[in-house]
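Structure at a glance
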Amino acid sequence: MTKLNTVRLRLPASTADLAALEIGTVVYLDGRLFTAREGVYKRAVEDGFGLPASPDELGRANFHCSPAASIGADGSMTVGAVTATASFRFAKYLDGWFEVSHCNVIIGKAGMTSEVYRRSFVPNSAIYLTTVGYGTGALLGRGIKRVPGVYWREELGLAQAIWVLDVENFGPFLVESDLAGNSLFERENAKIAPSIEKLYAGTHPATLRRFGETDDKTDELI
Amino acid sequence: MILLSTLQQTAEKLMATAAIEIPEDYLGGLRQCADTEKGDLSAFVIKAMLDNYEAAKEDRRAMCGDTGCPRWYVKIGNDAQVEGGPVALEAALRRATANATADVPLRPNRVHPLWRTDHNNNVGIGAPEIEYAFHPDADWIELTTVHKGGLFGSDYRMLFPADGIEGIKRFYLDTLIAFGKRGLACQPAIVGVGLGGSKDICMVLGKQAACLRVVGSRNPDPKIAALENELKELGNSIGMGAMGFMGSSMVVDCHIEVGYCHTGGMPMSVHMFCLSSRRACARVHADGRVSFRTDPMWFTDYLRREGVEWPEQAAEAAE
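On a predicted model such as this, the values are computed, not experimentally measured, just so you know. (Residues numbered from 1 in each chain as written. Chains lettered and ligands numbered in written order. Predicted model: local features only at pLDDT ≥ 70, side-chain atom pairs only at ≥ 80, totals over all residues. Heavy atoms only, no water.)

On to the overall build of chain A, then. Along chain A, the regular secondary structure elements total eight helices and nine strands. Radius of gyration (C-alpha) of chain A: 19 Å, near the 17 Å computed for a compact globule of 222 residues. With respect to the three principal axes, the spread of C-alpha positions in chain A is 65 × 40 × 35 Å. With 222 residues in all, chain A has 58% of them scored as buried. Excluding contacts between residues fewer than 6 apart, the proportion of contacts in chain A whose partners are at least 24 apart in sequence is 68%. Accessible surface, chain A: about 9200 Å² in total, of which carbon and sulfur atoms supply 50%. The positive charge centre, built from 23 side chains, and the negative charge centre, built from 26, are 5 Å apart in chain A. (Helix = DSSP H or I, 4+ residues; strand = E, 2+ residues; numbered from the N terminus. Rg over C-alpha atoms; globule rule 2.2 N^0.38 Å. Buried < 20%, exposed > 50% of the residue type's maximum accessible area, 1.4 Å probe, protein only. Contact = heavy atoms within 4.5 Å. Areas by Shrake-Rupley, 256 points an atom, 1.4 Å probe, with all protein chains shown as cover. Lys, Arg positive; Asp, Glu negative; His and termini not counted. Charge placed at Lys NZ, Arg CZ, Asp CG, Glu CD.)

In this section: the overall build of chain B. From N to C terminus, chain B includes eight helices and nine strands. On C-alpha atoms alone, chain B measures out to a radius of gyration of 20 Å, which is about the 20 Å that the 2.2 N^0.38 rule sets for 319 residues. Here chain B holds 319 residues, and 60% of them are scored as buried. Long-range pairs, those at least 24 residues apart, make up 80% of the contacts in chain B between residues at least 6 apart in sequence.

Moving on to unusual backbone geometry. All names here are of chain A. Cis geometry is found at the peptide bond from glycine 133 to tyrosine 134, where omega equals 15°. Here tyrosine 134 shows up in the loop between β7 (127-131) and α6 (137-143). In this structure, histidine 102 is a non-glycine residue whose phi angle is positive, near 55°. As for its placement among the helices and strands, histidine 102 is situated in the loop between α4 (94-101) and β6 (105-108). Unusually for a residue other than glycine, asparagine 169 sits at a positive phi of about 50°.

All names here are of chain B. Side chains of Asp79, Asp137, Asp139 and Glu312 sit close together on the surface and give a patch of like negative charge. Locating aspartate 139 in the fold gives a position in the loop between β2 (130-135) and β3 (141-148). According to the relative accessible area criterion, aspartate 139 is partly exposed, its value standing at 38%. (Patch = residues over 30% accessible without salt bridge, like charges linked within 9 Å, V, L, I, M, F, W, Y side chains within 5 Å. Salt bridge = Lys/Arg side-chain N within 4 Å of Asp/Glu carboxyl O.)

Here the focus is the packing of aromatic side chains. Residue and element names in this part refer to chain A. On inspection of all chains with the given rule, the structure shows 15 aromatic pairs over all chains. Ring centres 6.0 Å apart and planes at 80° place the aromatic pair phenylalanine 63 and phenylalanine 170 in the edge-to-face group. Within this pair, whereas phenylalanine 63 is found in strand β3 (residues 61-63), its partner phenylalanine 170 is found in strand β9 (residues 162-177), the two being separated by 107 residues in sequence. The class of phenylalanine 170 is buried, set by a relative accessible area of 0%. (Phe/Tyr/Trp six-rings, centres within 6.5 Å; stacked < 30°, edge-to-face > 60°.)

Taken together, the 74 residues of chain A in the interface contact 59 residues of chain B. Interface area for chain A against chain B, summed over the two sides, is near 5200 Å², with a carbon-plus-sulfur share of 61%. It is Arg142, Leu199 and Tyr200 of chain A that lose the most area in chain A upon contact with chain B, and together they represent 11% of the buried surface on that side. Here chain A is connected to chain B by eight salt bridges. The partner of glutamate 186 of chain A in a salt bridge is arginine 182 of chain B, with the nearest N and O atoms 3.5 Å apart. Within the residue set of the side of chain A that touches chain B, elements represented by two or more residues are β4 (65-71), β5 (77-84), β7, α6, β9 and α8 (184-199) of chain A. Examining the composition of the side of chain A that touches chain B, we find that eleven residues originate from one element, α8 of chain A, more than from any other. (Buried area = accessible area lost by both parts, 1.4 Å probe.)

This next bit is on helix α2 (residues 38-46) of chain A. Each α-helix winds once per 3.6 residues, and so residues spaced three or four apart point in a common direction. Residues and elements named next belong to chain A. Within the span of α2, buried status applies to Gly39, Val40, Tyr41, Arg43 and Ala44. In this structure, the buried side of α2 is in contact with β3, α4, β6, α7 (153-156) and β9. At the exit of α2 stands glycine 48, carrying a positive phi of roughly 75°.

Residues and elements named next belong to chain A. Counting buried residues in β7 gives five out of five residues, a clear majority hidden from the surface. Here β7 shows no split at all, with Ile127, Leu129 and Thr131 on one side and Tyr128 and Thr130 on the other all buried. With four bridges connecting them, β6 and β7 associate as parallel partners. Along β7, the bridge assignment pairs isoleucine 107 with leucine 129. For the crossover from β6 across helix α5 (residues 114-121) to β7, the handedness is right-handed. Summarising the sheet, β7 and β9 pair through four bridges and their orientation is antiparallel. Looking at the pairing, threonine 130 lines up with leucine 174 of β9. (Pairing = 2+ DSSP bridges. Right-handed = clockwise from strand over helix to strand, strands pointing away.)

Right, let's talk about the pattern of salt bridges for a bit. Applying the stated criterion across every chain, the model contains 35 salt bridges over all chains. A salt bridge links glutamate 176 of chain A to arginine 182 of chain B, with the nearest nitrogen and oxygen atoms 3.6 Å apart. Pair noted here: glutamate 176 of chain A is in strand β9 and arginine 182 of chain B is in the loop between α5 (164-180) and β5 (189-196), and the two residues belong to different chains. Assigned by exposure class, glutamate 176 of chain A and arginine 182 of chain B land together as buried. Salt-bridge contacts for arginine 210 of chain A lead to aspartate 155 of chain B; the nearest nitrogen and oxygen are separated by 3.5 Å. On the criterion of chain membership, the pair formed by arginine 210 of chain A in the segment after α8 and aspartate 155 of chain B in strand β4 (residues 155-159) is interchain, its members lying in two chains.

We now examine the side chain of serine 277 of chain B. All names here are of chain B. Topologically, serine 277 is positioned in the loop between β7 (266-273) and β8 (278-284). A polar atom in the side chain of serine 277 sits 3.5 Å from the backbone oxygen of phenylalanine 273. Setting aside chain neighbours within four positions, we find serine 277 in contact with Ile22, Pro23, Tyr26 and Ile190. (Polar contact = N/O pair within 3.5 Å; in protein donor to acceptor, adjacent residues only side chain to side chain.)

Residues and elements named next belong to chain B. As summarised here, the arrangement of the five strands in space is β2-β1-β3-β8-β9, forming an open sheet in which the pairing is mixed. Of all strands in the sheet, those bounded by a partner on one side alone are β2 and β9 (290-293). Each adjacent strand pair in this sheet contributes to an overall mean axis angle of 20°, direction not counted. Sheet topology places strand β1 (residues 69-77) next to β3; eight bridges connect them, and they run antiparallel. By the bridge assignment for β3, tyrosine 73 is matched with threonine 144. Running over the sheet, helix α4 (residues 85-103) touches β1, β2 and β3 and is turned about 150° from β1. (Axes fitted to C-alpha atoms, helices over the stretch in contact; angles between N-to-C directions.)

Pasting the structure below:
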C-alpha cells in the first residue's frame, strides 16, 4: 500500500499552516480543541448565547463529537474513547458558527459538500478534517492528555456538553477539505461513479415507487 | 434457580467486553479485506482500525466513542428459573446497562426523542431494548448484548414477488451505495438482510442477521446461502471501500434471514453492522456457572421452525 503523506499540526493553526495541507493528507494534532455538536450549535448560534468561553480558553478547532466519559462524584473526569458524529447535519449553522467560535479547523465524520466549503469555510480560511474509520475511538482517546474544562454540562447533558481537550499526537485524521474548498470525498465519489451503472444492469426500479427519491446513483444524500 | 446477582454481574461484564474487544470472527473477516484491498486510502483506514482494536484492548477503553444503542437479546431455556422472575431479570439488565455506562465508560447516547432528556446512563423509555427467544430442553439463560450504531446503514422497502431476485439486488445496492458514500455506514460491515415477515419483523430479522450471526456462517437453506455469497460479492464489487474511498472493502459478510410474509408481498430490510461490530454473549447455567463467547448462536432450528408443532413436542403429544 502506498504510504500517505503524514503531518503533525499544532493548534491553534495559522492560515499558512493550513495552506500547506492537501486533501488526503494524514494529520495528527497537538494542542487544544473543543467538542461541539447539535446542542451547542443550536444554543450558541440559534438561541444567541454565543460561546461560554473565549477562543483562547476553548481553542480554535471544533470537534463534532462527544467523548465516552464520566464525571465522578468528586468532579474527576474519565475520558475513554472519542469518535466523531456525522457533520453534514451542522451545515445550516455554519456561517453563524464561524462568527461566534473563530474556529479555523472543523473535525468530524464524513465531511460536508464542497458547496458548503466554498460558501462557509473558504471565507473563514477554515479546513475540515475527517476522522478515520469511523471510530478509531481508542486511538483518539489515547491522545487526550488533559480536560481543562467542561461547559454547559447542566444545560445540555454529558453527551452534548462542550468538552475542552488538550491533545498530543491526536489522530489519525484525513484532510477532507483544503483552503480552496476541495473535497476528498467528492473526488473519490467521482472516481467510483462510472462503475456503478453496470452493477444495476438487468434490474428495474421497484414496482412500488416512493416520493422524494432519486434514481441517480451519483447523487449524494447529505 | 439462576441468581439475579449472577445475571447482573454477567451483564456488566458483557457490556464492557462488547465495547472493548472486537469479536474474532469480524477481525478475521476484516484482515481478509486488508489483504485484498488495493485502494490506498481504504487500506489506510483498515490499518488504522486494526491499530485501534489493539489500543482498545491494551488500554481497556471502548473501541468507539459512539456507544450506539446498547441492547439485549435474551434466550431463555424452557426449564430455566430466574430469581424474581422476568421482571427482576429486566431490572438487572437495565441496572447493568447504567452501571457499565459509568464504569467502562460508555457515552450516554440515549435521549428522549422530543425533549432530548438524557439520564446519562443509556437507560430510558424503551431503552435498552430487550428481545426474547426461548429454547426447548434447556435450563440456562443466554444473554447477548449488541451495541449497534444508531443512525445510518439501515433501510426498509416493500418489494413485491414481481420484483424478484433482481429487485432484491437493486435495493441492496441502493442501501449500500447510499450509506457507503463518505462511509456513513462505517463499512466494511456485516450486512444483514431481512426478507419477509410483517414490516416490523422484517426489520427485526435483518438486524438480527447482521448482529447475531458470525462472519462465515451461512443460512441452512442452500439457495439462500448461495444468495448470501452472491450479495457479499456484489457489495464488494461496487468499487467502494472503507469511508467510501475507492476500493473493494464494503461487505465483510452478508447474512440473510427470512420469515413468512403476506402472499402479495416481499418486504426487505438491510442493516449494516459496523467496523466496531460490538457483540458479546454468555450462557448462565442453572448451577451458576457462566461461559462467555462471541457467537450468540441465536438462530437455531427451533427459532427457524416452519410447522405448527416443534417436532419433539409433537412426538411427545403423540405418545
